[in-house]
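A look at the structure
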Amino acid sequence: MVAVYPGSFDPITYGHLDIITRASKFVDTLVVAVLNNSAKSPMFSVEERIVMLKKTCADLGLKNIKFTDFSGLLIDFAKEISANVIIRGLRAVTDFEYEFQMALTNRSLNSSVETLFISTSTQYLYLSSSVVKEVAILGGDISFMVPAIVGDEIKKKLEKIKREA
Ligand code: ADP
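Reading the values: rules and limits
- Residues numbered from 1 in each chain as written.
- Predicted model: local features only at pLDDT ≥ 70, side-chain atom pairs only at ≥ 80, totals over all residues.
- Heavy atoms only, no water.
- Near = heavy atom within 4 Å.
- Polar contact = N/O pair within 3.5 Å; in protein donor to acceptor, adjacent residues only side chain to side chain.
- 1 Å grid on protein atoms, 1.4 Å probe; cavity = no way out; pocket = protein on both sides within 12 Å on 5 of 7 lines; lining within 4 Å.
- Sits in = over half its atoms within 2 Å of the grid points.
- Nonpolar A, V, L, I, M, F, W, Y, C, P; charged D, E, K, R; others polar.
- Salt bridge = Lys/Arg side-chain N within 4 Å of Asp/Glu carboxyl O.
- Helix = DSSP H or I, 4+ residues; strand = E, 2+ residues; numbered from the N terminus.
- Buried < 20%, exposed > 50% of the residue type's maximum accessible area, 1.4 Å probe, protein only.
- Phe/Tyr/Trp six-rings, centres within 6.5 Å; stacked < 30°, edge-to-face > 60°.
- Pairing = 2+ DSSP bridges.
- Axes fitted to C-alpha atoms, helices over the stretch in contact; angles between N-to-C directions.
- Contact = heavy atoms within 4.5 Å.
- Core = buried A, V, L, I, M, F, W, Y, C linked by side-chain atoms within 4.5 Å.
- Right-handed = clockwise from strand over helix to strand, strands pointing away.

1. Topic: the site of the ligand
Taken together, 17 residues are adjacent to the ligand, and Tyr5, Ser8, Gly89, Tyr124 and Leu127 come closest. A distance of 3.1 Å is found between an oxygen atom of the ligand and a backbone nitrogen or oxygen belonging to Phe9. One of the side-chain N or O atoms of Arg91 is found 3.2 Å from a nitrogen atom in the ligand. The cavity where the ligand resides is the largest pocket. Residues that form the shell around the ligand fall into these classes: six nonpolar, six polar and five charged.

2. Regarding the pattern of salt bridges
Evaluated as defined, the whole model comprises eight salt bridges. As a salt-bridge pair, Asp10 and Arg49 come within 3.8 Å of each other at their nearest N and O atoms. Of this pair, Asp10 sits in the loop between strand 1 (2–7) and helix 1 (14–24) while Arg49 sits in helix 2 (residues 46–59); the two residues are 39 residues apart in sequence, bridging distant segments of the chain. In this structure, Lys156 engages Glu153 in a salt bridge whose closest nitrogen and oxygen atoms are separated by 3.1 Å. With Lys156 and Glu153 both in helix 6 (residues 148–164) and three residues apart, the pair spans about one turn of that helix. Take Glu153: its relative accessible area is 27%, and that puts it in the partly exposed class. Residues joined in a network through salt bridges with shared partners are Asp10, Arg49 and Lys133.

3. Quick look at the packing of aromatic side chains
Each pair of aromatic rings is reported with the distance of its centres and the angle of its planes. Summed over the entire model, instances satisfying the criterion amount to four aromatic pairs. Residues Tyr5 and Phe9 carry aromatic rings whose centres are separated by 5.2 Å and whose planes lie at 75° to one another, so their mutual orientation is edge-to-face. Ring geometry for Phe96 and Phe100: centres 5.2 Å apart, planes at 20°, overall stacked. Highlighted residues: Phe96 and Phe100, both in helix 4 (residues 93–109), separated by four residues, approximately one helical turn. By relative accessible area, Phe100 is classed as partly exposed at 41%.

4. Focus on the sheet that holds strand 4 (residues 85–90)
Taken together, five strands build an open sheet; the order of strands is 3-2-1-4-5 and the sheet is parallel. Looking at strand neighbours, the two that pair on one side only are strand 3 (65–70) and strand 5 (114–119), the edges of this open sheet. Taken pair by pair, the neighbouring strands of this sheet meet at an average axis angle of 30°, ignoring direction. Across the sheet, helix 1 is in contact with strand 1, strand 2 (29–35), strand 3, strand 4 and strand 5; its angle to strand 5 comes to roughly 120°. In the packing of helix 4 onto the sheet, the strands contacted are strand 4 and strand 5, and the crossing angle to strand 4 comes to about 170°.

5. Here we look at the nonpolar core
Ranked by size, the top nonpolar core spans 33 residues in total, and within it Ile20, Leu30, Ile87 and Ile154 carry the most contacts. Contributing elements (two or more residues each) for this core: strand 1, helix 1, strand 2, helix 2, strand 4, helix 5 (129–137) and helix 6. Val4, Ile75, Ala83 and Val113 belong to the second-largest nonpolar core, a separate cluster that totals 10 residues.

6. Comments concerning the pairing of strand 2
Of all the seven residues making up strand 2, five are buried; the element is thus mostly covered by neighbouring parts of the structure. The sheet contact formed by strand 1 and strand 2 spans six bridges and is parallel. Residue Ala3 lies in a different strand from strand 2, and its bridge partner there is Leu30. Chirality of the crossover, the property in question, places the unit of strand 1, helix 1 and strand 2 among those that are right-handed. In this structure, strand 2 lies alongside strand 3, joined through six bridges in parallel fashion.

Rendered as structure tokens:
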């Protein structure tokens, strides 16, 4: 089974890593795909996000994972890489409506690709990349939200933004 786990991953958090670790156990290959969305103004470039994803997954010893970026329709990308499953993580109930709508839309576009939801581990219920960035900008502790190498990259990025301001 080839599965694709799409997202912004701006940057990767322990919540994403939890989903990647658990999904990697029941799929043959997991393709972690970073959405290249020019409409959003991200903190990290797609390349920077992929480097952080690779490093953190390598540290966990995960071997059946590939990393790439994609743009356009997810369902077209899934077909391109012969993925038959889309993995999504579910956090608080607020995720549900959007995720359900996306899953139904994707199935109506291509019924041979199934969406599988993995529910969050409770300690990551409210963890998102946006929360990490907000807390970091305000000088709070993010060490329990992201791996140390990601925390270091956020720090460097914020220092750079400050210098250029
Ligand atoms: P988006 O695709 O909305 O930009 P992200 O890139 O942050 O969101 O997340 C990609 C996927 O990972 C989504 O399915 C999202 O629900 C899931 N996810 C993000 N954070 C967590 C978490 N803390 N626990 C479980 N799943 C999560």
